[in-house]
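Spelled out from the first residue to the last, the chains are:
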Amino acid sequence: MAVIKAVLLVVFTLGAAWVVYSSYCLYCNYLEALKIGVPVRIIPISHLNKLWLLIDKRVIFTIRRLPGVLGGNNFTRFNYRGWHEDDGTQAHDEMGEAFVLVTPSHNWLYIAEPEALMNMYRRGKDFPRWTEITKIHFFGMVKLLTTNKSQSSGEQWRMQRKIVNSCLNEKCNSLVWSEAALLGDQMAQYWATKGTFTTVGEDTRTTTLHILTKACFGQSLPFEGHDTRQPASPSASFKFSLVTIMENALFILALRPSFFINKWLPLPRTWRDIGVACTKFKGHMSYLYDRALRASDQNRLEGDFTLMTSMIRASRKNGNGIGLSEGEIYGTMFVISFAGHDTTAHLLTFAIFFLAANPFVQDWLARELRRVLGDRPIQEWDYHADFPRLTRCMAILYETLRVKTPVPEVKWTKDRHQTLVVGSKTLNIPPGTLITPSYIYVHNHSRFWGPDAQEWKPQRWVTKCHQRDMSPRQKQNERNKNLGDEVEDAYMNDEVLLPPPSRGNYLGWSEGARDCPGKRFSQVEWVAIMATLFRDWKVEPSRLQDETAMQARAKVFQFIKENTGYGGLLLQLNNPESIPLTWTARVRVP
Ligand code: HEM
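The shown structure was predicted, so the numbers you read here are calculated from the model rather than taken from an experiment. (Residues numbered from 1 in each chain as written. Predicted model: local features only at pLDDT ≥ 70, side-chain atom pairs only at ≥ 80, totals over all residues. Heavy atoms only, no water.)

Description of the overall build of the protein
For step 1, the next point in the chain: Secondary structure summary: the protein contains 25 helices and 14 strands in total.
For step 2, the next point in the chain: Burial analysis of the protein (590 residues in total) assigns 55% to the buried set.
For step 3, the next point in the chain: Relative to all contacts within the protein whose residues are 6 or more apart in sequence, the contacts with residues 24 or more apart total 74%.
For step 4, the next point in the chain: Accessible area of the protein: about 26,400 Å², with a carbon and sulfur share of 56%. (Helix = DSSP H or I, 4+ residues; strand = E, 2+ residues; numbered from the N terminus. Buried < 20%, exposed > 50% of the residue type's maximum accessible area, 1.4 Å probe, protein only. Contact = heavy atoms within 4.5 Å. Areas by Shrake-Rupley, 256 points an atom, 1.4 Å probe, with all protein chains shown as cover.)

Side note on the nonpolar core
For step 1, the next point in the chain: Formed by 114 residues in total, the largest nonpolar core has its most connected members in Leu-307, Ile-396, Met-530 and Phe-534.
For step 2, the next point in the chain: No other element matches helix H17 (residues 326–356), which puts 15 residues into this core.
For step 3, the next point in the chain: Sequence-distant contacts of Leu-307, that is, excluding residues within four places in its chain, are made with Cys-167, Leu-168, Cys-172, Ala-215, Cys-216, Met-333 and Ile-336.
For step 4, the next point in the chain: Formed by 24 residues, the second largest nonpolar core is a distinct cluster that contains Leu-26, Ile-36, Val-38 and Met-120. (Core = buried A, V, L, I, M, F, W, Y, C linked by side-chain atoms within 4.5 Å.)

Some details on the site of the ligand
For step 1, the next point in the chain: Around the ligand sit 25 residues, and of these Arg-129, Arg-161, Glu-409, Arg-514 and Cys-516 come closest.
For step 2, the next point in the chain: The side chain of Arg-129 places a nitrogen or oxygen atom 2.8 Å from an oxygen atom of the ligand.
For step 3, the next point in the chain: Between the ligand and the protein, one listed contact pairs an oxygen atom with a side-chain N or O atom of Arg-161 at 2.9 Å.
For step 4, the next point in the chain: Breaking the shell around the ligand down by element, the ones donating at least two residues are helix H8 (131–145), helix H9 (154–167), H17 and helix H24 (519–534).
For step 5, the next point in the chain: Class assignment of the residues belonging to the shell around the ligand gives a composition of 12 nonpolar, eight polar and five charged. (Near = heavy atom within 4 Å. Polar contact = N/O pair within 3.5 Å; in protein donor to acceptor, adjacent residues only side chain to side chain. Nonpolar A, V, L, I, M, F, W, Y, C, P; charged D, E, K, R; others polar.)

Side note on the sheet that holds strand E4 (residues 196–197)
To summarise the sheet geometry, strands pair through backbone hydrogen bonds and adopt either a parallel or an antiparallel arrangement.
For step 1, the next point in the chain: Spatially, three strands are ordered E4-E14-E11 in an open sheet, and the strand pairing comes out antiparallel. Strand pairing shows two members of the sheet lacking a second neighbour, E4 and strand E11 (537–541), which therefore form its edges.
For step 2, the next point in the chain: Inspection of the sheet shows E11 paired to strand E14 (residues 581–585) by five bridges, in the antiparallel sense. Residue pairing in the sheet places Val-539 in a bridge with Trp-583 of E14.
For step 3, the next point in the chain: Strand contacts of H17: E11 and E14, with the helix running at about 80° to E11, the strand carrying the most contacts.
For step 4, the next point in the chain: Most of the contacts of H24 go to E11, to which it runs at about 85°, and overall it touches E11 and E14. (Pairing = 2+ DSSP bridges. Axes fitted to C-alpha atoms, helices over the stretch in contact; angles between N-to-C directions.)

Concerning unusual backbone geometry
For step 1, the next point in the chain: Of note, Lys-414 is a non-glycine position whose phi angle comes to about 55°, a positive value.
For step 2, the next point in the chain: Considering the arrangement of structural elements, one finds Lys-414 in the loop between strand E5 (411–412) and strand E6 (418–422).
For step 3, the next point in the chain: Even without glycine at this site, Ser-510 takes up a positive phi of about 70°.
For step 4, the next point in the chain: Relative to the helices and strands, Ser-510 is located in the loop between strand E10 (495–497) and H24.
For step 5, the next point in the chain: For Ser-510, a relative accessible area of 12% translates into the label buried.

Regarding the confidence of the model for the protein
For step 1, the next point in the chain: On average, residues of the protein carry a pLDDT of 86, and 86% of them reach 70 or more.
For step 2, the next point in the chain: Of the regions scoring below 50 in pLDDT, residues 136–140 engages in 20 contacts with residues more than four places distant in sequence or in other chains.
For step 3, the next point in the chain: Under a pLDDT of 50 for its full length, residues 145–151 has, in the predicted model, 30 contacts with residues more than four places off or in other chains.
For step 4, the next point in the chain: Here the predicted complex scores 0.88 on pTM and 0.99 on ipTM. (pLDDT = per-residue confidence, 0-100.)

A few points about the pairing of strand E8 (residues 434–437)
For step 1, the next point in the chain: Here E8 shows two buried faces, one formed by Leu-434 and Thr-436 and the other by Ile-435 and Pro-437.
For step 2, the next point in the chain: Pairing between strand E3 (residues 107–111) and E8: four bridges, direction parallel. Among the inter-strand pairings, Trp-108 is bridged to a residue of E8, identified as Leu-434.
For step 3, the next point in the chain: Of the pairings in the sheet, the one linking E5 to E8 comprises two bridges and is antiparallel in character. The residue of E8 that forms the bridge with Trp-412 is Leu-434.

Examining the pattern of salt bridges
For step 1, the next point in the chain: In the structure shown here, the tally under the stated rule is 24 salt bridges.
For step 2, the next point in the chain: Between Arg-402 and Glu-399 there is a salt bridge whose closest N-O contact spans 2.9 Å. In this pair, Arg-402 and Glu-399 are both assigned in helix H20 (residues 391–403), three residues apart and thus about one turn of the helix distant.
For step 3, the next point in the chain: Its relative accessible area of 0% is what places Arg-402 among the buried residues.
For step 4, the next point in the chain: Relative accessible area serves as the criterion here: at 0%, Glu-399 is assigned to the buried category.
For step 5, the next point in the chain: Of the charged contacts in the structure, one is a salt bridge between Glu-455 and Lys-457, with a shortest N-O distance of 3.3 Å.
For step 6, the next point in the chain: A relative accessible area of 40% means that Glu-455 is categorised as partly exposed. (Salt bridge = Lys/Arg side-chain N within 4 Å of Asp/Glu carboxyl O.)

Examining the packing of aromatic side chains
For step 1, the next point in the chain: Within the structure shown, the criterion is met by 30 aromatic pairs.
For step 2, the next point in the chain: Judged by centre distance (4.8 Å) and plane angle (5°), the ring pair of Phe-354 and Trp-456 falls under stacked. Here Trp-456 lies in the loop between helix H22 (446–449) and strand E9 (462–464) and Phe-354 lies in helix H17, a separation of 102 residues in the sequence.
For step 3, the next point in the chain: Judged by relative accessible area, Phe-354 falls into the buried class, the value being 6%.
For step 4, the next point in the chain: On the basis of an interplanar angle of 50° and a centroid distance of 6.5 Å, the ring pair of Phe-354 and Phe-557 is categorised as tilted. With Phe-354 in helix H17 and Phe-557 in helix H25 (residues 549–563), the pair connects residues that are 203 residues apart, well separated along the chain. (Phe/Tyr/Trp six-rings, centres within 6.5 Å; stacked < 30°, edge-to-face > 60°.)

Details of the environment of Val-11
For step 1, the next point in the chain: By the secondary structure assignment, Val-11 is in helix H1 (residues 2–34).
For step 2, the next point in the chain: Distance from Val-11 to Glu-202, taken between C-alpha atoms, is 41 Å for residues 191 residues apart in sequence.

A word on H17
For step 1, the next point in the chain: Helix length check: H17, at 31 residues, gives a terminal C-alpha distance of 45 Å against a target of 45 Å (1.5 Å per residue), a fit within 8%.
For step 2, the next point in the chain: Here H17 lies mainly inside the structure; 29 of its 31 residues are buried. (Expected span 1.5 Å × (residues − 1).)

Right under this line is the structure:
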């Protein structure tokens, strides 16, 4: 009894000390926020408090049930990761183009003005990436799992980025095209054998991971459907370690690998497996590196493209002995695998659900695929000839990324004061302020995208070549006219992609020096997968007894709306397995 009392006393004292300290920090941050001169809202817990991240939504949604102001206040509105998904464009509609959320750890300045955002991206030195968030996303993992300590900033990063850019080249894209087509086709066949399936989320992740293992390490893994997967041996498989680490990234960052490896703790088997994956990851990297190095020494690199061999070669060619060390190559390979895996997979999952609810867009897409690819088997598809012509596949990617932007980005002022013009105001931003682009606003507001801004409509991205030089207003009118217009099929060869209303209105791959180096890679794999899935097949929501097709589609739209969130590190459909889909052969569209 005495022990329990002592423990409770310690817990209470620590809790009280934490509350006092947090309140003091919150007060100091509030005073700083007032200097910026934009509306301010206060929340008591940092969004990125690692323990809070594990329980935030559950706590907030429970408190929301309370009546009146107890359930509806700044805490329940803003104090969880992904609040903006639920809030939509409302916060900026109420508070203007910029506002601050004050938390005990930092002030978060949200900006929704495209011009100001582009300005911020251009001034990369004044507004560097906030590395704490990238630690949470990619680089923390790299540090925890490899010996690489220099991933995220400075000269070293610039050199690394130059090498990464030179390796993610057309040779790589060509390889990605054929591997993605192969795997996409196997995935389509697998869904066809099932008829009704619930594994889109898992299966798209398998596909994008296998594309990456081929591109990065030259390992060609056949597609494995979720329900037919053999349990991998944790100690043997590279794929197992990579997938386990990626799937449990938040967990590993919160508790550290040493927790899962500690043999004295009575951990369940799945947790033990996380420990094994962390330990084995470096060993696998080391094996793959040695293999690539041997290939390099035997001069087999030219014909045998992989990103790893390409990186070794680029590091050697870089002259003056400056290149990536072995540790840096591991780190870079992990960052690429990590950054390129779930991003594309989550977007694919969203797109497949959107398409399931939207048979007209599927027909629109299939017409293009049939026209460009004809009946040719996938082995005869040609990256250079076919990829640039598949405008509608690309429009589906652009539109899905517009409405469901998976990677949240944060910049900051670091240790200096900065000014930034937002609309008609010049903001004085104190050191240490975090700045986040309000994607939802710039990507989804009707003032930029027209009255149908909130809808998923890939057709908005496609226009006829001859309409390309029109004014933004004319383009907008054209977009609206295009919707549902079957006549356009007659002019399909004339189709091109429209740019967004302005550059700052489309930030899905980011902008500036630290934008996504895998943009083209993701576009190529996307188009190849879309083509294999939708030239010969179609997807529909599986219907309940007495449910009409319209009702089933409406259910899917509602599901997408309610199920979107940050279940993992990125924005995703949290439970795609809860809505069954059916996969059938397509009756040829005329
Ligand atoms: C549609 C899919 C993708 C989207 C939407 C996307 C988006 C982004 C964004 C927004 C960033 C900046 C993150 C930040 O500043 O915090 C980023 C970084 C990065 N992405 Fe992508 N990405 C995608 C696919 C890929 C693929 C397929 C690869 C690799 C093949 C890749 C490799 C990277 C890397 C290495 C970085 C870090 C860049 C650096 O720090 O310099 N991404 N991505």
